[in-house]
Amino acid sequence: MLYWLTELSDGGDFFNLFRYITFRAGGAFLTALTFGFIFGLPLINVLRRTQGKGQPIRTDGPEGHFIKAGTPTMGGLLIVGALTTSTLLWARLDNPYVWMVLFVTLAFAAIGFADDYAKVSKQTTNGVSGRVRILLGLLIAAIAGFWAAQYHPVGLTNQLAVPVFKDVLINLGLLFVPFSILVIVGAANAVNLTDGLDGLAIMPVMIAAGTFGIIAYFVGRVDFSESLGLHYVPDSGEILVFCAGLIGGGLGFLWYNAPPAAVFMGDTGSLALGGALGAIAVATKHEIVLAIVGGLFVVEALSVIVQVLYFKRTGKRVFLMAPIHHHYEKKGWAEPQIVIRFWIISLILAMIGLATLKVR
């Protein structure tokens, strides 16, 4: 919204700064961070009063989690509120990709909120049925995939870009929307599965958002995309503002979510943030790179799939408990040890993802 202050500029004054995406991204970051610090504690107090016993703890989960009983959930409202406010304030509101990513974020947040509400109100670990969640997620992702396809440049419409091999494009045709559904819904649920320890999910999400903010800025500029051999996606650079807001809001949340957590993000946050990452990857034509940058989320999801399939087939378990972070808890690793090591892995994967932009 503040972009329109450029109408007051004569080309060389303060208002001219609002033309620059990097300046507005900085503003979005600071706005979201401030939002988190101002509203974090009041929100936690409200959630604690209204939820009573807080998020139900699984009886079959790691024993160390029982001490977390009474911790409120739905902390994702803080992140989503911060990034939405900062995006609406600092991004160009005539940009279709901004609205597409916001739509996915808020829609998945609504699903997560309904799920969290059902759990705390009924004091059960079972919220909205899995079938309803999946069906709604598929619908949201289908809309987003079709939406993105309408604004991608002609040469990239319905195409899958392959990293490293810059000249390789795979024409998905009518399969582009189903592929987008896989990316967005997969990312949303993978982040949801990762959110099992204090601070575990939010830092890798912020690292991925920072990485994709850089990618969006590069592919949204014709000079950078040409010099790096990337596919130019006009107007996608504005997504950097959204990513900056996500990082600011994430840091504000982490202040209260660091062990021991004063609040959990819940499905409200994890589904929204995962869906946002998937939508950004689809918008910037870097879906495969998301599998690299978000490799931690992929491994967490695969550990659950492998565990379930192998148990159904043999009656035995591959991991002591899935998702895989619980496996390491069962092996005796301390929670902060698991969280920080997983953060390090996420940072390494982000560097690998960025490296694919430089290989010619």
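Here, every reference points to the structure presented above.
Residues numbered from 1 in each chain as written. Predicted model: local features only at pLDDT ≥ 70, side-chain atom pairs only at ≥ 80, totals over all residues. Heavy atoms only, no water.

Engineer: Can you break down the overall build of the chain residue by residue, with the values?
Structural biologist: When helices and strands are tallied, the chain shows 13 helices and 2 strands. Taken over the C-alpha trace, the chain has a radius of gyration of 20 Å; the compact-globule value for 360 residues is 21 Å, and the two agree within 12%. If one aligns the C-alpha atoms of the chain with their principal axes, the spans along those axes are about 60 × 45 × 35 Å. For the chain, with 360 residues in total, the buried portion stands at 52%. Pairs at least 24 residues apart make up 74% of the contacts formed inside the chain by residues separated by at least 6 positions. When the accessible surface of the chain is totalled, it reaches about 15800 Å², and 68% of it is carbon and sulfur. Once the 24 positive and 20 negative side-chain charges of the chain are each reduced to a mean point, those two points are 11 Å apart. (Helix = DSSP H or I, 4+ residues; strand = E, 2+ residues; numbered from the N terminus. Rg over C-alpha atoms; globule rule 2.2 N^0.38 Å. Buried < 20%, exposed > 50% of the residue type's maximum accessible area, 1.4 Å probe, protein only. Contact = heavy atoms within 4.5 Å. Areas by Shrake-Rupley, 256 points an atom, 1.4 Å probe, with all protein chains shown as cover. Lys, Arg positive; Asp, Glu negative; His and termini not counted. Charge placed at Lys NZ, Arg CZ, Asp CG, Glu CD.)

Engineer: Requested: an account of the nonpolar core, with residues and values cited.
Structural biologist: By size, the foremost hydrophobic cluster in this structure holds 86 residues, and its most contacted members are Val104, Phe108, Ile184, Ile202, Phe212, Phe242 and Leu273. Looking at which element gives the most residues to this core, the answer is helix α6 (residues 202–219), with 12 residues. If you look at the next biggest cluster of nonpolar residues, it comprises 8 residues, including Leu197, Leu200, Phe319 and Ile324. (Core = buried A, V, L, I, M, F, W, Y, C linked by side-chain atoms within 4.5 Å.)

Engineer: Requested: an account of the layout of surface pockets, with residues and values cited.
Structural biologist: Volume-wise, the second largest pocket comes out at about 210 Å³. Lining the second largest pocket are 13 residues, with Ile21, Arg92, Asn95, Asp235 and Glu238 positioned closest to its centre. (1 Å grid on protein atoms, 1.4 Å probe; cavity = no way out; pocket = protein on both sides within 12 Å on 5 of 7 lines; lining within 4 Å. Points joined across faces, edges and corners; volume = space filled by probe spheres on them.)

Engineer: Lay out the packing of helix α1 (residues 21–51) against helix α8 (residues 239–257) in plain terms, naming residues and giving numbers.
Structural biologist: Between two packed helices, both the angle of their axes relative to each other and the distance between the axes serve to describe the pair. As a packed pair, α1 and α8 sit with axes 7 Å apart at the nearest point and diverge in direction by 30°. Between α1 and α8, the angle is such that the two are roughly parallel. In the crossing of α1 with α8, the sense of the turn from one axis to the other is right-handed. On α8, the residues that touch Ile21, Arg24, Ala25, Ala28, Phe29, Ala32, Leu33, Gly36, Phe37, Gly40, Leu41 and Ile44 of α1 are Leu240, Val241, Ala244, Gly245, Ile247, Gly248, Gly249, Leu251, Gly252, Trp255 and Tyr256. Among the residues forming the contact of α1 with α8, the class breakdown is 16 nonpolar, 6 polar and 1 charged. (Axes fitted to C-alpha atoms, helices over the stretch in contact; angles between N-to-C directions. Parallel < 35°, antiparallel > 145°, perpendicular 65-115°, else oblique. Left-handed = near helix turned anticlockwise from the far one by under 90°. Nonpolar A, V, L, I, M, F, W, Y, C, P; charged D, E, K, R; others polar.)

Engineer: Can you tell me about the packing of aromatic side chains, naming the residues and giving the values?
Structural biologist: To describe a pair of aromatic rings, you give the distance between the ring centres and the angle between the ring planes. Under the definition given, this model contains 11 aromatic pairs. Residues Phe23 and Trp90 carry aromatic rings whose centres are separated by 6.2 Å and whose planes lie at 75° to one another, so their mutual orientation is edge-to-face. One end of the pair, Phe23, is in helix α1; the other, Trp90, is in helix α2 (residues 76–90), and 67 residues separate them in sequence. Judged by its relative accessible area of 27%, Phe23 is partly exposed. (Phe/Tyr/Trp six-rings, centres within 6.5 Å; stacked < 30°, edge-to-face > 60°.)

Engineer: Describe in detail a nonpolar patch on the surface, supporting the description with residues and values.
Structural biologist: A cluster of nonpolar side chains, namely Val298, Leu302, Ile305, Val306, Leu309, Tyr310 and Val318, defines an oily patch on the protein surface of about 580 Å² accessible area. Relative to the elements of secondary structure, Leu309 occurs in helix α11 (residues 295–314). Relative accessible area serves as the criterion here: at 55%, Leu309 is assigned to the exposed category. (Patch = residues over 30% accessible without salt bridge, like charges linked within 9 Å, V, L, I, M, F, W, Y side chains within 5 Å. Salt bridge = Lys/Arg side-chain N within 4 Å of Asp/Glu carboxyl O.)

Engineer: Outline unusual backbone geometry, listing residues and values.
Structural biologist: Outside of glycine, negative phi angles account for most residues, and trans bonds account for most peptide bonds. Residue Pro260 follows Pro259 across a cis peptide bond; omega there is -5°. Residue position: Pro260 is located in the loop between α8 and α9 (266–284). The omega torsion of the bond from Ala322 to Pro323 falls at 0°, within 30 degrees of zero and hence cis. Among the structural elements, Pro323 can be located in the loop between α11 and α12 (324–330). In this structure, Asn158 takes a positive phi of about 65° despite not being glycine. Mapping Asn158 onto the fold places it in the loop between α4 (130–151) and β1 (159–161). Of note, Asp235 is a non-glycine position whose phi angle comes to about 75°, a positive value. Among the secondary structure elements, Asp235 is positioned in the loop between α7 (222–228) and α8. We classify Asp235 as partly exposed; its relative accessible area is 48%.

Engineer: Got a sec to walk through the side chain of Thr73? Specific residues and values, please.
Structural biologist: Among the structural elements, Thr73 can be located in the loop between α1 and α2. Apart from the residues within four sequence positions on either side, Thr73 is in contact with Leu47, Gln51, Gln55, Asp116, Val120, Val263, Phe264, Met265 and Gly266.

Engineer: With reference to specific residues and values, describe helix α5 (residues 176–194).
Structural biologist: Turn by turn, an α-helix covers 3.6 residues, leaving residues three or four places apart pointing in a common direction. Between its first and last C-alpha, α5 extends 27 Å over 19 residues, near the 27 Å set by a 1.5 Å rise per residue. Residues of α5 that are buried: Phe176, Ser180, Ile181, Val183, Ile184, Val185, Ala187, Ala188, Ala190, Val191, Asn192 and Thr194. (Expected span 1.5 Å × (residues − 1).)

Engineer: Tell me about the pattern of salt bridges, residues and numbers included.
Structural biologist: The full count for this structure, using the stated rule, is 7 salt bridges. We note a salt bridge from Asp115 to Arg133, for which the minimum N-O separation is 3.1 Å. Placement of the pair is Asp115 in helix α3 (residues 96–122) and Arg133 in helix α4, with a sequence separation of 18 residues. The residues Asp115 and Arg133 share a single accessibility class, namely buried. One connected set of salt bridges, linked through shared partners, spans Asp115, Lys119, Arg133 and Asp267.

Engineer: Please set out the packing of α1 against α2 residue by residue, giving values where relevant.
Structural biologist: One way to put it is that α1 packs onto α2 with a least axis distance of 8 Å and a crossing angle of 145°. Read as a crossing pair, α1 and α2 show a hand that is right-handed. In this structure, α1 contributes Phe23, Arg24, Gly27, Ala28, Thr31, Ala32, Phe35, Gly36, Phe39, Gly40 and Leu43 to the contact, and α2 contributes Leu77, Leu78, Gly81, Ala82, Thr85, Ser86, Leu89 and Trp90. Residue composition of the contact of α1 with α2, grouped by class: 11 nonpolar, 7 polar and 1 charged.

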